[in-house]
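Summary of structural features
Here are the chains, one letter per residue:
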Amino acid sequence: MYGSGATPDEQRRAFTDGQVPVAVYGLGKMGVPLAAVYASVTGNVTGVDISESVVGTINDGRSPVENEPGLEAEIERTVSSGALSATTDVEEAAADASVHVVIVPTLLDDQDVPDLSTLTTLTRDIGMQLDPGDIVVVESTVPPGTCAETLWPILRRSVPDPESVGLAFCPERTMSGRALQDIRGAYPKIVGGIDDESTRVAELVYGEITTNDVHAAPDARTAECVKVFEGIYRDVNIALANELATVAPELGVDVPEAIELANTQPFCDIHRPGIGVGGHCIPVYPYFLLDSIETSAPIVRMARQINDSMPLYAIEQLREAMDGSDHPLFGANVAVLGVTYRPDVDEVRYSPAFSVVRDLNQLGANVYLVDPVCSDLSPFEGTPTSVDKLHRLDLDAAVLVTDHSAFDRVRWDRMDPMVVVDGRQALTLTGSGHTVRTIGDGRGVE
Ligand SMILES: NC(=O)C1=CN([C@@H]2O[C@H](COP(=O)(O)OP(=O)(O)OC[C@H]3O[C@@H](n4cnc5c(N)ncnc54)[C@H](O)[C@@H]3O)[C@@H](O)[C@H]2O)C=CC1
Ligand SMILES: CC(=O)N[C@@H]1[C@@H](OP(=O)(O)OP(=O)(O)OC[C@H]2O[C@@H](n3ccc(=O)[nH]c3=O)[C@H](O)[C@@H]2O)O[C@H](C(=O)O)[C@@H](O)[C@@H]1O
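Residues numbered from 1 in each chain as written. Chains lettered and ligands numbered in written order. Predicted model: local features only at pLDDT ≥ 70, side-chain atom pairs only at ≥ 80, totals over all residues. Heavy atoms only, no water.

**What about the site of ligand 2?**
Selection criterion: Residues are counted as near a molecule or strand when any one of their heavy atoms sits within 4 Å of it. Distance and chemistry together define a polar contact, namely a pair of N or O atoms within 3.5 Å, with one atom able to donate a hydrogen and the other to accept it when in protein, and with adjacent residues in sequence counting only for side-chain atoms on both sides. Areas reported as accessible are Shrake-Rupley estimates using a 1.4 Å probe. Residue values count occlusion only from the protein chains shown. Put simply, DSSP H or I for four residues or longer makes a helix, DSSP E for two residues or longer makes a strand, and each gets a number counted from the N terminus. Put simply, Ala, Val, Leu, Ile, Met, Phe, Trp, Tyr, Cys and Pro go in the nonpolar bin, Asp, Glu, Lys and Arg in the charged bin, and everything else, Gly too, in the polar bin. The start and end points of each domain follow an automatic or database-based domain assignment.
Close contacts around ligand 2 come from 19 residues, with Thr 174, Lys 227, Arg 234, Cys 281 and Tyr 341 the closest. A distance of 2.6 Å separates an oxygen atom of ligand 2 from a polar side-chain atom of Lys 227. Arg 234 is positioned such that a nitrogen or oxygen atom in its side chain is 2.6 Å from an oxygen atom of ligand 2. Within the complex, the protein chains bury 89% of what would otherwise be the 750 Å² of accessible surface of ligand 2. If you tally residues by element for the shell around ligand 2, the top one is helix α10 (residues 220-246), at four residues. Residues belonging to the shell around ligand 2 are distributed by class as follows: seven nonpolar, four polar and eight charged. Three or more residues apiece are contributed to the shell around ligand 2 by two domains, here domain 1 (8-218) and domain 2 (219-445).

This is the structure in structure tokens:
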């Protein structure tokens, strides 16, 4: 593809006829649906992961990722047709592929410094196997400048003729729970190469992958900024909503309702306040910018502080409401509903539940953990229990962190009056006898 003398139409045909083998590295919540879409377009995809379990599940024709409409069927179809297979052998897959799509985690270390070690190690492994005409496409979100300043030097050291291979940043704009439709074309695709030929090849590839438009950024660095800016916008916007929510008691209004009405005109799009911002995306991306610049960016930094303060704000709401009763938090039985970062998504990284559970334990509460979606509750200190057993516990309080659809089954009517902190404006408990504090609702709160 890269530097090919074939016409664009000949290249498109080769790509969709399976003559251009594709490797997708990182078979997680994003990589599995991405590999499935690539496989349905090209018929010739090898998924690569370090997890034997993930690879085995896919080669059995099943999806290791749940709660994605259509994905199980798509994996079964593409695997059984031979369009998709998976392996843990990076070298073998990289040696065979011509288009290398990287969607492995890009996270932060304990000091909120970007940790790109997974990405750089993988890039080196891929680089050792690159052939002339290959292109590496990075979909993992990275700090601005990563492709040009970090990944390209690795690749160019690994190939005999650096001028014969390409590198582009093509950010993933997908939400768990609607991944296939997002990848197939819910939004325009942004592509940006480290040179014009890389941009051209990325445009041609994604012109076949997405049904939506493909927008070419001037370069990879700009495309990296596009993705980071999108995430920062979301974090700052949520921080505004959260700050407005914390003044709700003084205003005596339901701030989420006021926000909804404010958003009825097109120039306003204030997001939802809540108990915190989790996931390994929105809380992470601001640090990709902050770590890349010397200039102070107070709004970006302050937004992170505001959003990270919301779990403690929720605990304070709980303590104030509990002080009204004769149940101090020490020794109280408190249920935490939902520990993943988003409803019905099995992902706990950076979840506000970590702060909520830690603070409750430090205050001496007996914490019960209720999360039917989370596959591993061990990082949280507390007693796991289920939705159906909740009403048998002698609960003094409950904190809703994440509103899983299964929580519709909670029998609030069968539980003695307690204090409930609703972190997501998800509950309707009027007349239930429970004392409810909804983050953002200042009505009736002194
Ligand atoms: N989760 C999301 O909503 C979105 C994530 N992204 C970007 O995609 C990245 C990945 O996100 P997820 O798929 O949610 O992560 P995930 O944690 O669900 O999956 C990551 C997968 O990569 C595998 N992996 C780790 N190291 C590897 C290596 N060296 N070689 C091959 N595979 C390896 C893991 O075993 C796992 O299966 C994120 O870090 C972010 O930059 C972008 C848009 C949306
Ligand atoms: C700009 C944007 O909408 N980005 C999306 C986001 O997806 P993500 O899975 O992180 O979900 P999210 O809805 O942003 O939620 C993140 C966190 O923020 C919280 N949240 C979200 C929206 C809101 O109004 N208020 C709020 O408190 C959620 O509860 C959650 O804890 O980040 C993804 C990413 O870039 O990784 C991106 O692909 C998705 O499209």
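**Some remarks on the sheet that holds strand β1 (residues 22-25)**
Rules: The pairing criterion is simple: DSSP has to find at least two bridges between the two strands. Every axis in this analysis is a line fitted to C-alpha atoms, fitted for helices over the stretch in contact. Angles between the N-to-C directions lie between 0 and 180 degrees.
The sheet built from eight strands is open, its strands ordered β3-β2-β1-β4-β7-β8-β9-β10 with mixed pairing. Single-partner strands in this sheet number two, and they are β3 (84-87) and β10 (214-216). Ignoring strand direction, the axes of neighbouring strands in this sheet form an average angle of 25°.

**Observations regarding the site of ligand 1**
Lining the immediate surroundings of ligand 1 are 21 residues, of which Lys 29, Met 30, Asp 49, Thr 141 and Arg 349 lie closest. Measuring from an oxygen atom of ligand 1, one finds a side-chain N or O atom of His 280 at 3.1 Å. In isolation ligand 1 offers 830 Å² of accessible surface; the protein chains occlude 88% of this area. Residue composition of the shell around ligand 1, by class: nine nonpolar, eight polar and four charged. When residues of the shell around ligand 1 are assigned to domains, at least three map to each of domain 1 (8-218) and domain 2 (219-445).

**A few points about the domain arrangement of the protein chain**
Filter applied, for reference: Here a salt bridge means any side-chain nitrogen of Lys or Arg lying within 4 Å of a carboxyl oxygen belonging to Asp or Glu.
For the protein chain, the assigned domains read domain 1 (8-218) and domain 2 (219-445). A separation of 33 Å is found between the C-alpha centroids of domain 1 and domain 2. On inspection of domain 1 and its partner domain 2, the count reaches three salt bridges. Among the ionic pairs, Arg 173 bridges to Glu 230, the shortest N-O distance being 2.5 Å. Those elements that provide at least two residues to the side of domain 1 that touches domain 2 are β5 (107-108), α7 (146-158) and β9 (189-193). No other element matches the four residues that β9 contributes to the side of domain 1 that touches domain 2. Split into classes, the residues belonging to the side of domain 1 that touches domain 2 amount to 17 nonpolar, eight polar and five charged.

**A short note on the nonpolar core**
Which entries qualify depends on this criterion: Think of a nonpolar core as a cluster: buried Ala, Val, Leu, Ile, Met, Phe, Trp, Tyr and Cys residues, connected wherever their side-chain atoms sit within 4.5 Å. Each residue's exposure class comes from its accessible area (1.4 Å probe, protein chains only) as a fraction of the maximum for that residue type: buried when under 20%, exposed when over 50%, partly exposed otherwise. It only takes one pair of heavy atoms within 4.5 Å for two residues to be counted as in contact.
Formed by 44 residues in total, the largest nonpolar core has its most connected members in Phe 15, Tyr 38 and Tyr 206. Sorting elements by how many residues they give to this core places helix α2 (residues 31-42) first, with eight residues. With sequence-adjacent residues up to four places away left out, Tyr 206 is seen in contact with Tyr 38, Val 101, Val 137, Glu 139, Cys 170, Lys 189, Val 191 and Val 214. Formed by 31 residues, the second largest nonpolar core is a distinct cluster that contains Met 310, Ala 365, Val 367 and Ile 439.

**What to know about the packing of aromatic side chains**
Rules: Working definition: rings of Phe, Tyr and Trp (its six-membered ring) pair if their centres are within 6.5 Å, and the pair is stacked with planes under 30 degrees apart, edge-to-face with planes over 60 apart, and tilted otherwise.
Summed over all chains, the structure comprises four aromatic pairs. Aromatic side chains Phe 15 and Tyr 38 sit 6.4 Å apart centroid to centroid with 85° between the ring planes, which places their arrangement in the edge-to-face category. With Phe 15 in helix α1 (residues 8-16) and Tyr 38 in helix α2, the pair connects residues that are 23 residues apart, well separated along the chain. Like Phe 15, the residue Tyr 38 is buried in the burial classification. Seen in terms of ring centroids, Phe 354 and Phe 380 are 4.3 Å apart; in terms of plane orientation they differ by 25°. Their pairing is stacked. Linking Phe 354 in helix α15 (residues 353-362) with Phe 380 in the loop between β12 (366-370) and β13 (383-385), this pair joins segments that are 26 residues apart in sequence. On the accessibility criterion, Phe 354 (30% relative accessible area) is partly exposed. Its relative accessible area of 4% is what places Phe 380 among the buried residues.

**Things to note about α15**
Counting buried residues along α15, seven of its ten residues qualify, which places the element largely inside the surrounding structure. Listed in full, the buried residues belonging to α15 are Ala 353, Ser 355, Val 356, Val 357, Asp 359, Leu 360 and Asn 361. Gly 364 sits one or two residues past α15 and shows a positive phi near 90°.

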